[in-house]
Amino acid sequence: MGTLEIFQFLTVGLGSGFLVTAIKLYLDARSAARQREIGYLQDQLRLLYSPLHLLATLNKEHLKITEKLQDALNPKATAKPQPEDVPAASGAESDQIIKLSNEYATKFKENNAKMRQILEANWSLIDVDDVDLLLAFVVDCVRMQVEVDEKHSQGVAIRVNQRLGTIFYVRPGFTERITAQWNAKRQRLSKLLMRRTTGGTP
């Protein structure tokens, strides 16, 4: 028996008043479900995916800057064309470029630390499909702290890396995944809010 046949049966058997009540209950339940999804998406974006997107995108730009600084430091090591009117860096200039590059690397690590804090504070808001990638990111942050910053692997770093694998500043696909999720959730939220305003179905 289809939905329409069920409603016809109920209308005949129980009267039109019951049908009106049933429809109202159905619409109220659907509206409540939509409101819960809106609230959850807003929390995900505000507390998790938007700040992650900002910091991951900043890191991407910081990486571009450090790559350009490396090109300036050692132009012969890259196939990228260099401006002809820019002379090779002198010894003092090379030291300053290295210092500047290290400063951007520090910003990169600071942003990673912020992302780790965001993830640890809002782990319940992570989509199931993102858990493995984001957990691997947190593990990389912990390893960077323990093995590099606190120097607990000093003298055995090569052997440790052979066993545990490479520590990533950012894993391949991390920024792209965060950006894709950020865009998808914003689009879904926009549709839900529009449908709530117009009274359409989700």
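Residues numbered from 1 in each chain as written. Predicted model: local features only at pLDDT ≥ 70, side-chain atom pairs only at ≥ 80, totals over all residues. Heavy atoms only, no water.

Draft legend 1. Structural detail: the environment of Ala72. Its place among the elements puts Ala72 in helix α2 (residues 16-73). According to the relative accessible area criterion, Ala72 is partly exposed, its value standing at 34%. For the pair Ala72 and Ser94, spaced 22 residues apart in the sequence, the C-alpha separation amounts to 8.7 Å. (Helix = DSSP H or I, 4+ residues; strand = E, 2+ residues; numbered from the N terminus. Buried < 20%, exposed > 50% of the residue type's maximum accessible area, 1.4 Å probe, protein only.)

Draft legend 2. Structural context of unusual backbone geometry. For Lys151, which is not glycine, the phi dihedral falls at a positive 60°. Here Lys151 shows up in the loop between α4 (131-149) and α5 (157-164).

Draft legend 3. Fine view of the packing of helix α3 (residues 91-121) against α4. The geometry of α3 relative to α4 is characterised by a closest axis approach of 10 Å and an angle of 130° between their N-to-C directions. Taken together, the axes of α3 and α4 are oblique relative to one another. The chirality of how α3 crosses α4 is left-handed. Across from Lys109, Asn112, Met115, Arg116, Leu119 and Glu120 in α3, the residues of α4 making contact are Leu134, Phe137, Val138, Cys141, Val142, Met144, Gln145 and Asp149. Considered class by class, the residues forming the contact of α3 with α4 number eight nonpolar, two polar and four charged. (Axes fitted to C-alpha atoms, helices over the stretch in contact; angles between N-to-C directions. Parallel < 35°, antiparallel > 145°, perpendicular 65-115°, else oblique. Left-handed = near helix turned anticlockwise from the far one by under 90°. Contact = heavy atoms within 4.5 Å. Nonpolar A, V, L, I, M, F, W, Y, C, P; charged D, E, K, R; others polar.)

Draft legend 4. Representation of the pattern of salt bridges within the structure. Within the structure shown, the criterion is met by 10 salt bridges. Note that Asp127 and Lys185 form a salt bridge whose closest N and O atoms lie 2.7 Å from each other. Of this pair, Asp127 sits in the loop between α3 and α4 while Lys185 sits in helix α6 (residues 174-198), and the two are 58 residues apart along the sequence. Taken individually, Asp127 and Lys185 each receive the classification buried, so the pair is uniform in this respect. (Salt bridge = Lys/Arg side-chain N within 4 Å of Asp/Glu carboxyl O.)

Draft legend 5. Examining the layout of surface pockets more closely. As a volume, the largest pocket reaches approximately 210 Å³. For the largest pocket, the lining is made up of 13 residues, of which Lys109, Asn112, Ala113, Cys141 and Met144 are closest to its centre. When contributions to the lining of the largest pocket are tallied by element, the ones reaching two or more residues are α3 and α4. The element contributing the most residues to the lining of the largest pocket is α4, with six residues. Across the lining of the largest pocket, the residue classes tally to six nonpolar, three polar and four charged. (1 Å grid on protein atoms, 1.4 Å probe; cavity = no way out; pocket = protein on both sides within 12 Å on 5 of 7 lines; lining within 4 Å. Points joined across faces, edges and corners; volume = space filled by probe spheres on them.)

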